[in-house]
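# Coordinate inspection notes
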Amino acid sequence: MKRIVILISGRGSNMQAIVQRCAEQRWPSEVVAVLANQPGAEGLAFAAGRGIATGVVDHRAYGSREDFDAALAQRIESFAPDLVLLAGFMRVLGGAFVRRFEGRLLNIHPSLLPAFPGLHTHERALSEGCQAVGATVHFVTPELDHGPIVMQSVVPVRAGDTPQTLAARVLATEHVIYPQSVLWFVQDKLQLADGRVRQTDGASQVLI
Ligand code: GRF
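Anyway, here's the lowdown on the structure attached to this text.

On to the site of the ligand. Neighbouring residues of the ligand: Arg11, Gly12, Ser13, Asn14, Gly88, Ile108, Pro110 and Glu174. At a separation of 2.5 Å, an oxygen atom of the ligand approaches a polar side-chain atom of arginine 11. Relative to its unbound accessible area of 370 Å², the ligand is 84% covered by the protein chains. A molecule is said to occupy a pocket when more than half its atoms come within 2 Å of that pocket's grid points, and by this definition the ligand occupies the largest pocket. Taken together, the residues of the shell around the ligand break down into two nonpolar, four polar and two charged.

This brings us to the layout of surface pockets. In this structure, the largest pocket encloses a volume near 1,000 Å³. As for the largest pocket, its lining consists of 37 residues, of which Gly88, Met90, His109, Pro110 and Leu119 are closest to the centre. Elements supplying a minimum of two residues to the lining of the largest pocket: helix H1 (13-24), strand E5 (105-109), helix H5 (121-127) and helix H6 (163-186). Residue contributions to the lining of the largest pocket peak at five residues, all from H6. Split into classes, the residues belonging to the lining of the largest pocket amount to 16 nonpolar, 15 polar and six charged.

Counting 42 residues, the largest nonpolar core has Ile6, Ile8, Val34, Leu85, Val150, Tyr178 and Val182 as the members making the most contacts within it. Looking at this core, the element that brings in the most residues is H6, giving nine residues. Core analysis: the next-biggest nonpolar cluster, separate from the first, contains 21 residues, Ala33, Phe79, Phe89 and Phe101 among them.

This brings us to helix H3 (residues 65-77). Between its terminal C-alpha atoms H3 stretches 18 Å, which fits the 18 Å expected from 13 residues at 1.5 Å a residue. Along H3, the residues that are buried comprise Phe68, Asp69, Ala71, Leu72, Ala73 and Ile76.

Below, the discussion takes up the side chain of serine 9. As for its position among the elements, serine 9 is in the loop between strand E1 (2-8) and H1. A distance of 2.7 Å separates a polar atom in the side chain of serine 9 from the backbone nitrogen of methionine 90.

Attention now goes to the pattern of salt bridges. The full count for this structure, using the stated rule, is six salt bridges. A salt bridge links glutamate 77 to arginine 104; its shortest N-O distance comes to 3.8 Å. Residue glutamate 77 is found in helix H3, and its partner arginine 104 is found in the loop between helix H4 (95-101) and E5; the two are separated by 27 residues along the sequence. Between aspartate 201 and lysine 189 there is a salt bridge, and its shortest N-O distance comes to 2.8 Å. Taken together, the residues span a long stretch of sequence, with aspartate 201 in the loop between strand E9 (196-199) and strand E10 (206-207) and lysine 189 in the loop between H6 and strand E8 (190-193) at a distance of twelve residues. Bridged by salt links that share partners, the residues Glu77, Arg100 and Arg104 form one connected network.

Going through the model one piece at a time under the given rule, you end up with three aromatic pairs. With centroids separated by 4.9 Å and ring planes inclined at 45 degrees, the aromatic side chains of phenylalanine 97 and phenylalanine 101 adopt a geometry described as tilted. Taken together, the residues phenylalanine 97 and phenylalanine 101, both in helix H4 and four residues apart, mark about one turn of the helix. Aromatic side chains phenylalanine 139 and phenylalanine 185 sit 6.3 Å apart centroid to centroid with 50 degrees between the ring planes, which places their arrangement in the tilted category. With phenylalanine 139 in strand E6 (residues 132-139) and phenylalanine 185 in helix H6, this pair connects stretches of sequence that are 46 residues apart. An identical accessibility class is assigned to phenylalanine 139 and phenylalanine 185; each is buried.

Reading guide: rules and limits
- Residues numbered from 1 in each chain as written.
- Predicted model: local features only at pLDDT ≥ 70, side-chain atom pairs only at ≥ 80, totals over all residues.
- Heavy atoms only, no water.
- Near = heavy atom within 4 Å.
- Polar contact = N/O pair within 3.5 Å; in protein donor to acceptor, adjacent residues only side chain to side chain.
- Areas by Shrake-Rupley, 256 points an atom, 1.4 Å probe, with all protein chains shown as cover.
- 1 Å grid on protein atoms, 1.4 Å probe; cavity = no way out; pocket = protein on both sides within 12 Å on 5 of 7 lines; lining within 4 Å.
- Sits in = over half its atoms within 2 Å of the grid points.
- Nonpolar A, V, L, I, M, F, W, Y, C, P; charged D, E, K, R; others polar.
- Points joined across faces, edges and corners; volume = space filled by probe spheres on them.
- Helix = DSSP H or I, 4+ residues; strand = E, 2+ residues; numbered from the N terminus.
- Core = buried A, V, L, I, M, F, W, Y, C linked by side-chain atoms within 4.5 Å.
- Buried < 20%, exposed > 50% of the residue type's maximum accessible area, 1.4 Å probe, protein only.
- Expected span 1.5 Å × (residues − 1).
- Salt bridge = Lys/Arg side-chain N within 4 Å of Asp/Glu carboxyl O.
- Phe/Tyr/Trp six-rings, centres within 6.5 Å; stacked < 30°, edge-to-face > 60°.

Listed below in structure tokens is the structure:
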């Protein structure tokens, strides 16, 4: 059984989708902990209700980014994870943290990377007149919202879309591509070479 730790900052709907699929579809894995940097993160209650260990590492309690990263890393390591997932985790993690978990650290970002790293992706896509947007699951590297792409979803932009309507349409696809990516990882079906990710069965890595 592969051990998964999930980091959240708020609602945690991606975390919930992964926890539910993992249990329902009997993946060869277990979500062993859900950790948040915000004491009020709504997703913590869901995880606790499923009997999953929860914890808070509040970034405000640390004097520097490095100290926070080190405390968070230590808490994560205490659960001996095979895989660490950033799921709406709204803190930038430093190079030392990322290197410590490299190859077993995934993130989901609500844009078609490498377009629109960072915040406000849907506003930016609308103001650029994009006709399609989407989400990306990727291995985390020290560069923000960068790194080998595991899977992407593509979503059309419709007349009258607002950042909110677009976010909702993209989020629904996040709840498909993140669980799918995690399942491939725990099945050892992701091969990482030269900064590219290959699904070893040849399954499509795009959801359209
Ligand atoms: C998602 O859109 C995710 O891509 C982004 O933050 C949002 C988190 O949503 N990184 P949730 O907490 O998983 O509901």
